[in-house]
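# Structure assessment
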Amino acid sequence: MISISDLSFQYGDGTNLFCDFSFHVKRGESWTIIGPSGCGKTTLLFLIAGLNHPTTGKILIDGKSIERPRPSTGLVLQDHGLLPWATVEKNCRLGLEIRKFYGPDGKHSPSDLRPDEKEEQERVEHWLSWLGIDHLKSMFPSQLSRGQRQRAAIARTLVLQPDLLLMDEPFSALDAPIREELQWVMNGFHRESGLTSLTVTHDIEEAVVLGEKILVLGNRCNREPVVIVNHLSGMLDSRKNPEFIQRCEELKDILVSNKQGVFNDMSGAQ
Ligand SMILES: Nc1ncnc2c1ncn2[C@@H]1O[C@H](COP(=O)(O)OP(=O)(O)OP(=O)(O)O)[C@@H](O)[C@H]1O
């Protein structure tokens, strides 16, 4: 689904983050991206979202070059970005309203666009209920806990029926029990929907819980992707399982050694 070929990217100040970097994501896969602070995780996510543009190289989604944000890519950020003056329900409708303005292609609102408002409302209610916040729909973001706000931000994105979900440290501001609960929710969602997702995280356990594949970025400039194939994702009850603990230790070693050449011999890494 996502094909990144020979990507090079640098910011205007000359910071080279990616040099001839290539990797591919298949439809339905759930990836996590981990790496030291400043290595380019968010930048990579924003490149895939069409918010940054490659200096050279190509990023294709379903064969199409990403020149601008794609309407069917959903983005969830750490600070949730809810409008403070709108209720939870209105926040969840926000993307639908914007889509009416710009149209489903993200450019124009075609004159024959007649959204099915009943179906849209059902969709909003479905996701609010699925994320356990339907009873909060008339509340404002300031009246919610951080976990509830993050659920609202996820609901707002899922209402738009994305085929690709990009999340940048979505749970990092949350306390451990709430973070684990939301990881569980997202795992269930992934199993049911088969949505393709990429989640940036700092948290090693989260990377193992959420990522069927884990992309480990290293010190810049990132050249060779290090990918760990991880069959332990989705098994939250496995946190005490020795295999899970070992996988976390392996990942920690990789992050500490921070030398990509070391990774090639690791079992499961490709
Ligand atoms: N708009 C920008 N202009 C110039 N440099 C930037 C810009 N955005 C990020 N950078 C720099 O690029 C590097 C990578 O930033 P990025 O946010 O992608 O890293 P990250 O791996 O997500 O970091 P963290 O884990 O700390 O969030 C950093 O050194 C950062 O200072």
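Scoring rules and cut-offs
- Residues numbered from 1 in each chain as written.
- Predicted model: local features only at pLDDT ≥ 70, side-chain atom pairs only at ≥ 80, totals over all residues.
- Heavy atoms only, no water.
- Helix = DSSP H or I, 4+ residues; strand = E, 2+ residues; numbered from the N terminus.
- Buried < 20%, exposed > 50% of the residue type's maximum accessible area, 1.4 Å probe, protein only.
- Core = buried A, V, L, I, M, F, W, Y, C linked by side-chain atoms within 4.5 Å.
- Domains from an automatic or database assignment.
- Contact = heavy atoms within 4.5 Å.

As recorded in an unreviewed UniProt entry, the protein goes by the name ABC transporter ATP-binding protein, listed as coming from Desulfomarina profundi.

## Observations regarding unusual backbone geometry
Positive phi outside glycine occurs at Asp6, with the angle close to 50°. You can see Asp6 is positioned in strand S1 (residues 2-10). Under the relative-accessibility criterion, Asp6 is labelled partly exposed at 45%. Located in the positive-phi region is Gln161, a residue other than glycine, with phi close to 50°. Position of Gln161 among the secondary structure elements: in the loop between helix H4 (146-158) and strand S7 (164-168). For Gln161, a relative accessible area of 49% translates into the label partly exposed.

## Points about the nonpolar core
Core analysis: the biggest nonpolar cluster contains 42 residues, and Met186, Ile214, Val216 and Leu251 have the highest contact counts within it. Each of domain 1 (28-52 + 164-270) and domain 2 (82-161) accounts for three or more of the residues forming this core. Ignoring anything within four residues of it in the chain, the contact list for Ile214 reads Thr32, Ile34, Ala207, Val208, Val226, Val227, Ile228, Asn230 and Leu251. Among the nonpolar cores identified, the runner-up in size contains 28 residues, and Met1, Phe23, Val25 and Leu198 belong to it.

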